[in-house]
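Chain residues, written in single-letter form:
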Amino acid sequence: MATQTLDGKIKKTPLERYAVVVILGILFFARLLLLSELGPEYSLKSDDVSYVQSGITLARTGVLTMHGTISAQIMPGLPMVIAVFAKFLGSGRALWMALKLFYCFLGTMAAAYVYRAIRLFAPAWAAVIPLFFFFTPDFLWQDNLILTETPFMFLLASSLYHLMALGRTEEWRHFYFLLLSMVGGLLLKAQFIIFPLLAFLYLAVVGYDGNKMAPQAFLTLLAFLLVLAPWTVRNYRYFHSFIPLTYGVGNPLLLGTYQGEGFPEDEPEVYGEIRQRVQGEMVEKYGDDDGALPPYIQRYALLEEDLAIARYRQEKWWREDPQSFLRSYLWLKPKSMFFKTFYWFEVIPGFKVWIEYFRQVEFYFFIFTPLLALVARKWRRQIFFLVFLYFQQIYSYAMAYVFDRYAQTLLPIRYIVVGLGLALIAQILERLRAGRKSKSIFEK
């Protein structure tokens, strides 16, 4: 049983600390157990292998590549992390083992930050219950793949905890950890560029001290500029274009025009003309005397072609069937991310259907929790912010391509809200019991 100190901070008992450490230890052990079954070099033979190769190349040459060529298709964060490991461990089995152990640790710590975020406000039991959500096999499997999902989920959970702790305590240490988490998140996924704006909006809503917010906002802007400036200069050096984040939106945007309902039929001849036009522009800008493009520009050109075709398809879709266009982008595509699980290969058979069923139950409780906050008149600003943040992220993906990998990383937001919702139910029931008790005493 924890108590609250005079300054409003939660004081945890030794028993609570011990119980949480034990649960986190079992979470970590479960990931290690699957690692022992799959082996350190287990992979999807897809993006995960490309990321590892990118990190190895970066460690050896200092040049960021993806799919074998110089690239700005991805943010540089994950290859940079892998390069650090590769500098010391080389490119073999030891590298894979170290990365997998690191990922198992990050996956466990993501759960820890969810617990800590809930515990800022709610009783221990409400914060402990969501820890068990991370035992599902899809999380264990995800943490055994070298993709951006596990570190991004860790940094998202860390950002949420330190943001909410900053709003509650106004301690500078939480700001510095929040800043580190936000910068790390941006270096992994370009979509995280919006998070600082939303973070300071949250601080304003919860009544954060403006005298602290102004310099912290300036430091955040400065940090992001210091991170993005050399990356932008590097990209301009290779591609002679202003690319502050990535040029990788073309392919997912194109794939997204085949999701939903009523999307246009393919027009191979038109697409061929679009590709020729973009290719001609690229040759004019980057080609040598013979009109040949360097391999890394060929990759860039291919994604620019995808972007041009995607825009053509979207414009045609909107022009010919705006109703299905709006229904697809505003409902069908976002909805498809609510219940999906990133669990392509059932390494523990028979669980996927139950995971998806649980995700439905948990999601409906998640969207029901704001109503509980209104009834209880408690934590309204925190819960409404988290719900808004979740749907903002969902719709940012839905505008391009919805994917179970992307949906999985946003679950910490839902789990924090669920934990707070469970505590709200207990408090509402306690009030009802207290009301009935006082009424019966009055009648006597």
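Here goes a summary of the coordinates provided. Worth saying up front: this structure is predicted, and the values here are computed from it rather than measured.

### So, the nonpolar core
Thinking step 1. By size, the foremost hydrophobic cluster in this structure holds 146 residues, and its most contacted members are Phe195 and Phe239.
Thinking step 2. Top contributing element to this core by residue count: helix α4 (residues 93-119), with 13 residues.
Thinking step 3. Discounting residues that sit within four places of it in the chain, Phe195 has contacts with Leu156, Ser159, Leu160, Leu163, Leu178, Met182 and Leu389.

### Focus on the layout of surface pockets
Thinking step 1. Taken as a whole, the largest pocket holds about 930 Å³ of empty space.
Thinking step 2. Lining the largest pocket we find 33 residues, and of these Gln73, Gln191, Gly248, Pro252 and Tyr406 sit closest to its centre.
Thinking step 3. For the lining of the largest pocket, the secondary structure elements donating two or more residues are α2 (47-61), α11 (250-256), α13 (295-320), α16 (380-398) and α17 (404-409).
Thinking step 4. In terms of residue class, the lining of the largest pocket is built from 20 nonpolar, 8 polar and 5 charged.

### Side note on the environment of Ile367
Thinking step 1. With respect to the secondary-structure elements, Ile367 resides in helix α15 (residues 352-376).
Thinking step 2. In this structure Ile367 comes out as partly exposed when scored by relative accessible area, which is 39%.
Thinking step 3. Between the alpha carbons of Ile367 and Leu389 there is a distance of 13 Å; along the sequence they are 22 residues apart.

### Focus on α2
Thinking step 1. Relative to the 21 Å expected for 15 residues at 1.5 Å per residue, α2 spans 20 Å between its end C-alpha atoms, a close match to the ideal helical length.
Thinking step 2. Summarising the contacts, the buried residues of α2 are in contact with β3 (65-66), α3 (77-89) and α4.

### Here we look at the packing of aromatic side chains
Thinking step 1. Throughout the structure, instances matching the rule amount to 48 aromatic pairs.
Thinking step 2. Pairing Tyr238 with Tyr296 gives two aromatic rings, centres 6.0 Å apart and planes at 80°, and the pair type is edge-to-face. In this pair, Tyr238 sits in helix α10 (residues 210-239) while Tyr296 sits in helix α13, placing the two residues 58 residues apart along the sequence.
Thinking step 3. Between Phe339 and Phe363, the ring centres sit 5.5 Å apart and the planes meet at 85°, which makes this aromatic pair edge-to-face. Pair noted here: Phe339 is in the loop between α14 (322-335) and α15 and Phe363 is in helix α15, with a separation of 24 residues, a long-range link. Taken as a pair, Phe339 and Phe363 share a single burial class, namely buried.
Thinking step 4. Sitting over the face of the ring of Phe152, Lys189 holds its NZ or CZ atom 5.7 Å from the ring centroid.

How each quantity is defined
- Per-chain numbering applies: the sequence of each chain, read as written, is numbered from 1 onward.
- A pLDDT threshold of at least 70 governs which residues receive local features in this predicted model, and a stricter bar of 80 or more applies before side-chain atom pairs are shown or counted, although totals over entire chains, interfaces and linings include all residues.
- Here the side-chain values reflect all heavy atoms present in the structure, with hydrogen atoms and water set aside.
- Among the buried residues, those of types Ala, Val, Leu, Ile, Met, Phe, Trp, Tyr and Cys that are joined through side-chain atoms within 4.5 Å form a nonpolar core.
- Categorising residues by exposure relies on relative accessible area from a 1.4 Å probe, with only protein chains included: less than 20% of the type maximum marks a residue as buried, more than 50% marks it as exposed, and the intermediate range marks it as partly exposed.
- Here a helix means four or more residues in a row that DSSP labels H or I, a strand means two or more in a row labelled E, and each is numbered from the N terminus.
- Any two residues whose heavy atoms approach within 4.5 Å at even a single point are treated as in contact.
- Points on a 1 Å grid, built from protein atoms alone, make a cavity when a 1.4 Å probe fits but cannot get out and make a pocket when they are open with protein on both sides within 12 Å along at least 5 of 7 lines; residues with an atom within 4 Å of a point are the lining residues.
- Grid points are joined across faces, edges and corners, and a volume is the space filled by probe spheres set on the points.
- We call Asp, Glu, Lys and Arg charged. Ala, Val, Leu, Ile, Met, Phe, Trp, Tyr, Cys and Pro are nonpolar, and the rest, Gly among them, are polar.
- Given a helix with a known number of residues, its expected span is that number minus one, times 1.5 Å.
- Each aromatic pair joins two rings of Phe, Tyr and Trp (for Trp, the six-membered one) with centres within 6.5 Å, and gets the label stacked for planes under 30 degrees apart, edge-to-face for over 60, and tilted for any other angle.
- Working rule: Lys NZ or Arg CZ, within 6 Å of ring centre, within 35 degrees of ring normal, means a charge sits over the ring.

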